[in-house]
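# Secondary and tertiary structure notes
As a plain string of letters, each chain reads:
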Amino acid sequence: MKLQRMNRRALTLGALAVSGALALTACGSDDTSGGGDSSGGATAKAGNIKCEDAKGQLLSNGSSAQANAIQAWTKAYTAQCKGVQINYKPEGSGAGVTAFLQGQVAFAGSDSALKPEEITKSKEVCKDSQAIDLPMVGGPIAVGYNVPGVDNLVLDAKTLAKIFDSKITTWDDAAIKKLNPDAKLPDTKIQAFHRSDDSGTTDNFTKYLKAASPADWKYEGGKAWQAKGGQSAQGSSGLAQQVKQTAGAISYFELSYAKDGISTVALDTGAAEPVAATADNATKAISEAKVVGTGKDLALELNYATKADGAYPITLVTYEIVCEKGNKADTLAAVKSFLTYTAGDDGQSSLKELDYAPIPAEINTKVRETVAGLS
C-alpha cells in the first residue's frame, strides 16, 4: 500500500524531528530496555498551562508506550511551570504499577487498567481511598514483519493467532496465500517474536487475538506471554530490532517502532477494506470503547473484534494511575496541574503529531473532571 509506505516515511521524519529533548529516559512502548526512543525533542503545544501552586519533583514510572508523549508534554509544561521537575521512568507497565503500589511514585503509567486485587492493595497507599485509572494516551499496536520481496501484507486474527501459536510456520502457508493472492510469498520459516518481559502491549495484543479469533487463541492472556514456541526479546525496541535484522520475522510493537524500513501488516477485520495501523484508525476503534470502571475509575473496555470500516482493532490505551484521595500533599498540586494539561485540548492535540491516538472527547471530558477533583 502506498499509504503504508507514506506512513512509515512520516514516522521516520517525525522521529528525526524529535531527537534530543529532555533529560528524561524514553523509549517506545512498555519498553524496559531503555533504547528505541523515537520522540526525542518533540514539542507539545503549551497553550495556557495553569501552574497553580505546583512545585517540587514528580516521580513517576510505567509504560513507555506513552514515554514519547510524556517527554514532549514535560518539555512544554516545565518551560512554563519552572518550579516543577518531572522524572518519568519508562520501565514498563508492570514496574510502574509495582512502584505506585509501593508508594514510590506520584503516578504511574500502565497499558492495562488495574486489576481488582491491585485496586484493593492501592488502599494501603491512598489514604481513605483507592487508585483510579485515567485514560490519557491511545495508539495502535503495529504488527511488523520482515519478508524480503513482500512490501504489502494482509493478515487476519485467525492467521495471526496460528502464527504466534506456532501452528503456521512458513510464509507460503495456504492461509497467508489466500489473504495475499498477488504477493510472491517465499517458503521462508516464520520467526515469531514476543516480549520476554511483562508488558501491557502483550496484554492488549493477546486480548485482540482472543476476542477476534477465540477458537484459535486458547490462552488466558495477561502481561506475560503464555503461548509455547517462538522467540523472545525485551521491550518493544528489542522486538523491533529483531524484526529489522531477521529475515522471516514477525512481531508486535507500537507504531512508533515501525520505522527504518519495517513494514506493517494491514488487518482483514471483516470491514470493506483491510485496515492499516494508523493513529486515525486507532482513534476510531477507541471511540467504540465503554467505560467499565466504577465510581471515578475510568477503565475502558475496548472492542478488539470491531469490524467497523477504518477501525484498527489492535489498540492500547495508556492510563495514568493516581490516588482519588490521599495523594501526598507535597506533590498533589503538581499532579493535578500536569494531568490537567495533558488531558486538555493542547496536550491531547499534540498526540497525533507524535503518532499517538488522542482519547475521544467524551471520555477525555470525564478525565478532566476527575483530575479536578483529586485530593
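Residues numbered from 1 in each chain as written. Predicted model: local features only at pLDDT ≥ 70, side-chain atom pairs only at ≥ 80, totals over all residues. Heavy atoms only, no water.

## Considerations on the overall build of the protein
Worth spelling out the cut-off: Strands here are runs of E lasting at least two residues and helices are runs of H or I lasting at least four, both read from the DSSP assignment and numbered beginning at the N terminus. For the exposure calls, accessible area comes from a 1.4 Å probe over protein chains only, and a residue counts as buried if that area is under 20% of its type's maximum, exposed if over 50%, partly exposed in between. Pairs of residues are marked as contacts when any of their non-hydrogen atoms sit within 4.5 Å. Accessible areas in this description were obtained via Shrake-Rupley with a 1.4 Å probe; residue shielding takes into account the shown protein chains only.
On a plain count of helices and strands, the protein comes out with 12 helices and 13 strands. Every one of the 375 residues in the protein was classed for burial, and the buried ones make up 56%. Considering only contacts within the protein whose residues lie at least 6 apart along the sequence, 77% involve residues at least 24 apart. Here the protein has roughly 15100 Å² of accessible surface; of this, 49% comes from carbon and sulfur atoms.

## Re the nonpolar core
The criterion, for reference: In plain words, nonpolar cores are sets of buried Ala, Val, Leu, Ile, Met, Phe, Trp, Tyr and Cys residues tied together by side-chain atoms within 4.5 Å.
Grouped together as the largest cluster of nonpolar side chains are 58 residues, with contacts concentrated most on Leu-153, Leu-155, Leu-160, Ile-163, Phe-164, Ile-176 and Ile-250. Broken down by element, the residue count for this core peaks at 5 residues, all from helix α5 (residues 157–164). Here Ile-176 is in contact with Leu-153, Leu-155, Thr-159, Ile-163, Ile-168, Thr-170, Trp-171, Leu-185 and Ile-190, once residues within four sequence places are set aside. If you look at the next biggest cluster of nonpolar residues, it comprises 36 residues, including Ala-76, Ile-86, Tyr-356 and Val-367.

## Focus on the pattern of salt bridges
Condition: Salt bridges, as used here, are contacts in which a Lys or Arg side-chain nitrogen is within 4 Å of a carboxyl oxygen on Asp or Glu.
Scanning all chains against the criterion turns up 7 salt bridges. Residue Glu-124 is joined to Lys-121 by a salt bridge in which the shortest nitrogen-to-oxygen separation is 3.6 Å. Residue class for Lys-121 comes out partly exposed when judged on its relative accessible area of 37%.

## Some words on unusual backbone geometry
The phi angle at Asp-128 is positive, at roughly 55 degrees, despite the residue not being glycine. Structurally, Asp-128 can be placed in the loop between α4 (116–122) and β4 (131–145). Residue Asp-355 is not a glycine yet carries a positive backbone phi of 65 degrees. Note that Asp-355 resides in the loop between α11 (345–349) and α12 (361–372). Overall, the relative accessible area of 23% leaves Asp-355 in the partly exposed class.

## Considering the confidence of the model for the protein
Spelled out, the test is: Confidence of the predictor at the level of single residues is given by pLDDT, which spans 0 to 100.
Predicted confidence across the protein gives a mean pLDDT of 88, with 88% of residues reaching 70 or more. In this model residues 1–41 is a low-confidence stretch, pLDDT under 50, and it forms 126 contacts with partners more than four residues away in sequence or in other chains.

## A look at the environment of Lys-127
Tracing the backbone shows Lys-127 in the loop between α4 and β4. Among the residues examined, Lys-127 registers a relative accessible area of 63% and is labelled exposed. Spatially, the C-alpha atom of Lys-127 lies 8.4 Å from that of Cys-323, the residues being 196 residues apart in sequence. Apart from residues no more than four positions distant in its own chain, Lys-127 is found in contact with Lys-325 and Gly-326.

## Quick notes on the state of the cysteines
How we decide: A pair of cysteine sulfur atoms is labelled a disulfide when the two atoms are within 2.5 Å.
Taken as a whole and judged by the stated rule, the model has 2 disulfides. In this model, Cys-51 is linked to Cys-81 through a disulfide, with the two sulfur atoms separated by 2.0 Å. Judged by the torsion about the S-S bond (-90 degrees), the Cys-51/Cys-81 disulfide is left-handed. Taken together, the residues Cys-51 in the loop between α1 (2–17) and β1 (56–62) and Cys-81 in the loop between α2 (67–80) and β2 (84–89) connect sequence positions 30 residues apart.

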